[in-house]
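Fold and geometry: a report
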Amino acid sequence: QVQLVESGGGLVQPGGSLRLSCAASRSIFSGNSMGWYRQAPGKRRELVATITASGYNTRYADSVKGRFTISSDNAKNTVYLQMNSLNSVDPAVYYCNAGGFYSPGDYWGQGTQVTVSS
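These figures come from a predicted structure and were not determined experimentally. (Residues numbered from 1 in each chain as written. Predicted model: local features only at pLDDT ≥ 70, side-chain atom pairs only at ≥ 80, totals over all residues. Heavy atoms only, no water.)

Thoughts on the pairing of strand β9 (residues 92-98)
- Along β9, six of the seven residues are buried, which leaves the element largely enclosed by surrounding structure.
- Bridge count between strand β4 (residues 34-39) and β9: six bridges; the pairing is antiparallel. When the sheet's bridge partners are listed, Trp36 is paired in β9 with Cys96.
- Across three bridges, β9 lies against strand β11 (residues 112-116) in antiparallel orientation. (Buried < 20%, exposed > 50% of the residue type's maximum accessible area, 1.4 Å probe, protein only. Helix = DSSP H or I, 4+ residues; strand = E, 2+ residues; numbered from the N terminus. Pairing = 2+ DSSP bridges.)

What about the packing of aromatic side chains?
- Scanning the model with the defined rule gives three aromatic pairs in all.
- The interplanar angle of 90° and the centroid separation of 6.3 Å between the aromatic rings of Tyr95 and Trp108 together place this pair among those described as edge-to-face. You can see Tyr95 sitting in strand β9 and its partner Trp108 sitting in strand β10 (residues 107-108), a full 13 residues away along the chain.
- The class of Tyr95 is buried, set by a relative accessible area of 14%.
- Take Trp108: its relative accessible area is 33%, and that puts it in the partly exposed class.
- Residue placement shows Arg45 over the ring face of Tyr95; its charged tip is 3.7 Å from the ring centre. (Phe/Tyr/Trp six-rings, centres within 6.5 Å; stacked < 30°, edge-to-face > 60°. Lys NZ or Arg CZ within 6 Å of the ring centre and 35° of its normal.)

Below, the structure is given as structure tokens:
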């Protein structure tokens, strides 16, 4: 069964940090690029970051470069998104994605809400 389960979202003050986790079923994690996308109200879903199955290559949206870091733990079938210096452009539902590096793959998680507010 294909499964992606996100966690770690929540409310944080401007300038704060959060770490999102996406636990994937082994069948989808193994050999697949993984990624994070986000969708704010009234906006299209957009790329945040992706990582290859090897973990050696990553790509980021310009808006998060230098603030967010994507990583993966193959032993745990989990991909992470460390988000630092969160600001007003970051609130959205964040979705885990599997199967694509330059474009989204076919598999999506249910999403986790990130809110930035003082």
